[in-house]
Amino acid sequence: MINQCNNSQQEALLSYIGEDYPKCLYLYLDIIKYGCLSDTTRTWIQTKDGVITSVVLSYHTALHVFSRTSDFDVAEICELVKEVKPTMVNAMSETIRKIEPELSKLGYRSEFGHIGEWMGSADRIEDDEVSIAKEKDIPEVARLLYEDENIGASYIFEDLLKQMQDRLNEGYVRSYVLRKNNEVAAHVGTGAEIKNVCTIAYSITSPKYRGQGLAGRLYNYSCSQLKSEGKRIFSVYYP
């Protein structure tokens with residue numbers, strides 16, 4: 001059985017996730033930030049004999065699925081995907097492999113990556129060329145991301161821009177940029193962050209400035225700032 005949640009069930013969902021939150025980072029962080037039901041999020045709990053078997057969260061155009069044991073009803077999850085019509089479905093590999101046969105019929109293509117945690121020093125790195133992006137910079141950053149064939153393939157430009165602007169205005173993310181010749185040459189940002197956890201995402205260098213180590217500089221700079229604030233820093237890597 002799968003039922004939509006309200007905010008009174010937030011603690012139950014977070015308890016189910018527990019210390020496994022690195023396996024469902026965006027689902028976990030979005031529930032903490034927005035709750036189970038908001039203008040941008042909807043959440044469902046799937047149960048079997050009264051026991052939670054999976055949690056599903058819809059945020060903008062993405063659907064996030066988490067199951068601790070993978071003992072969930074595949075058909076129900078796939079019916080929810082058909083109803084919500086997300087542009088992407090995010091989950092652990094074992095979950096994706098269970099729902100992949102049905103999702104492929106709907107035109108979804110699987111891509112598998114890895115979650116890593118940055119374990120560097122908490123000493124802050126300084127870099128005079130790096131600045132924190134402001135709202136006026138976001139359209140330029142969004143265009144750079146959208147035009148990248150790997151990042152942009154999962155987005156409609158207007159949706160990507162709105163998500164980035166909304167999250168920045170809500171204080172849920174920050175973006176670091178390195179400018180050359182008055183244009184964004186490289187960008188790294190947090191995909192989501194709370195007091196003690198964040199994700200690093202959207203690492204990209206403009207094609208004309210690649211090969212100069214700019215993304216690496218930005219990545220190390222931003223991680224050093226975040227680590228000095230006491231955050232665990234996670235990234236999703238794709239081969």
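Remember, it's a predicted structure, so these values are computed and weren't measured experimentally.

**Points about the packing of helix α3 (residues 74–84) against helix α4 (residues 93–105)**
Consideration 1: Two elements in contact, α3 and α4, have axes separated by 10 Å at closest approach and are oriented at 45°. On the basis of their axis angle, the class for α3 and α4 is oblique. Relative to α4, the crossing made by α3 is right-handed. For the pair α3 and α4, the contacting residues are Val74, Ile77, Cys78 and Val81 in the first and Lys98, Ile99, Glu102 and Leu103 in the second.

**Section: the pairing of strand β11 (residues 232–237)**
In regular strands, side chains alternate between the two faces of the sheet.
Consideration 1: Bridge analysis of strand β6 (residues 114–117) against β11 gives 4 bridges, and the strand direction is antiparallel. Following the sheet pairing, glycine 116 is matched in β11 by serine 235.
Consideration 2: By the bridge criterion, 4 bridges tie strand β10 (residues 197–205) to β11 in an arrangement that is parallel. Its bridge partner lying in β11, isoleucine 200 is registered against serine 235.
Consideration 3: A crossover links β10 with its parallel partner β11, the connecting element being helix α7 (residues 214–228), and its sense is right-handed.

**Remarks on the environment of arginine 167**
Consideration 1: Along the chain, arginine 167 turns up in helix α6 (residues 157–169).
Consideration 2: Taking the C-alpha atoms as reference, arginine 167 lies 9.9 Å from threonine 190; in sequence the two are 23 residues apart.

**Some thoughts on the sheet that holds strand β2 (residues 41–48)**
Consideration 1: Here 5 strands make up an open sheet; going across it, the order is β1-β2-β3-β4-β5 and the pairing mixed. Edge strands, defined here as strands with exactly one partner in the open sheet, are β1 (2–4) and β5 (88–90). Here the average twist between neighbouring strands, direction ignored, is 20°.
Consideration 2: Taken strand by strand, helix α1 (residues 10–17) contacts β2, β3 (51–59) and β4 (62–66), and its axis lies near 110° from that of β3.
Consideration 3: Helix-sheet contacts for helix α2 (residues 25–34) involve β2, β3 and β4, and the interaxial angle to β3 is about 75°.

**Side note on α7**
Consideration 1: Taking 1.5 Å of rise per residue, the 15 residues of α7 would be expected to cover 21 Å, and the 21 Å separating its terminal C-alpha atoms lies within 8% of that figure.
Consideration 2: Those residues of α7 that fall on the buried side of the exposure criterion are Leu214, Leu218, Tyr219, Tyr221, Ser222, Cys223, Ser224, Gln225 and Leu226.
Consideration 3: Those residues of α7 that are buried lie in contact with β7 (130–132), β8 (175–180), β9 (183–193), β10 and β11.

**Looking at the layout of surface pockets**
Left-over empty space is what a probe sized like a water molecule reveals as it rolls over the atoms.
Consideration 1: Reported here for the second largest pocket is a volume of approximately 180 Å³.
Consideration 2: When residues of the lining of the second largest pocket are assigned to their parent elements, the largest contribution, 3 residues, is made by helix α5 (residues 138–146).
Consideration 3: A class-by-class count of the residues in the lining of the second largest pocket yields 4 nonpolar, 1 polar and 7 charged.

**Digging into the sheet that holds β8**
Consideration 1: Here 6 strands make up an open sheet; going across it, the order is β6-β11-β10-β9-β8-β7 and the pairing mixed. Edge positions in the sheet fall to β6 and β7, since each of these pairs with one other strand and no more. Shown here is a sheet whose adjacent strand axes are inclined to one another by a mean of 30°, direction ignored.
Consideration 2: Note: β8 against β9, 6 bridges, orientation antiparallel.

**Thoughts on the packing of α1 against α2**
Consideration 1: In the contact formed by α1 and α2, the axes pass within 11 Å of each other and the chain directions differ by 155°. One element, α1, and the other, α2, form an angle in the roughly antiparallel class. Regarding α1 and α2, the two cross each other, and that crossing is left-handed. On α2, the residues touching Gln10, Leu13, Leu14 and Ile17 of α1 are Leu27, Tyr28, Ile31 and Ile32.
Consideration 2: Looking at the contact of α1 with α2 residue by residue, the class counts come to 7 nonpolar, 1 polar and no charged.

The rules behind each value
Each chain carries its own residue numbering, running from 1 in the direction its sequence is written. Per-residue local features are limited, in this predicted model, to residues with pLDDT of at least 70; the limit for side-chain atom pairs, both in listing and counting, is 80 or more; totals at the level of whole chains, interfaces and linings are taken over all residues. Excluding hydrogens and water, the side-chain figures rest on all heavy atoms present in the structure. Angular values range over 0 to 180 degrees, each being the angle between N-to-C directions of two axes fitted as lines to C-alpha atoms, with helices fitted over their stretch in contact. For the purposes of this entry, the term helix denotes a DSSP run of H or I that reaches at least four residues, the term strand denotes a run of E that reaches at least two, and both are numbered from the N terminus. When an angle is under 35 degrees it counts as roughly parallel; over 145 it counts as roughly antiparallel; between 65 and 115 it counts as roughly perpendicular; any other value is oblique. Handedness of a crossing is defined here by the sense of rotation of the near helix relative to the far one, left-handed for an anticlockwise turn of less than a right angle and right-handed for a clockwise turn. Residue contacts are defined here by distance: any two heavy atoms, one from each residue, within 4.5 Å place the two residues in contact. One bridge is not enough; two strands pair if DSSP finds at least two bridges between them. By convention, orient the strands away from the viewer: a clockwise path from the first strand over the helix to the second makes the crossover right-handed. What a helix should span is 1.5 Å times the count of its residues minus one. Type-normalised accessible area, obtained with a 1.4 Å probe on protein chains alone, sets the label of each residue: buried when under 20%, exposed when over 50%, and partly exposed for intermediate values. Any residue with an atom within 4 Å of a point lines the site, the site being either a cavity, points on a 1 Å grid over the protein atoms alone where a 1.4 Å probe fits but cannot get out, or a pocket, an open set with protein on both sides within 12 Å along at least 5 of 7 lines. Grid points are joined across faces, edges and corners, and a volume is the space filled by probe spheres set on the points. Think of it as three bins: nonpolar holds Ala, Val, Leu, Ile, Met, Phe, Trp, Tyr, Cys and Pro, charged holds Asp, Glu, Lys and Arg, and polar takes everything else, Gly as well.

Function cannot be read off these values alone, since they describe shape.
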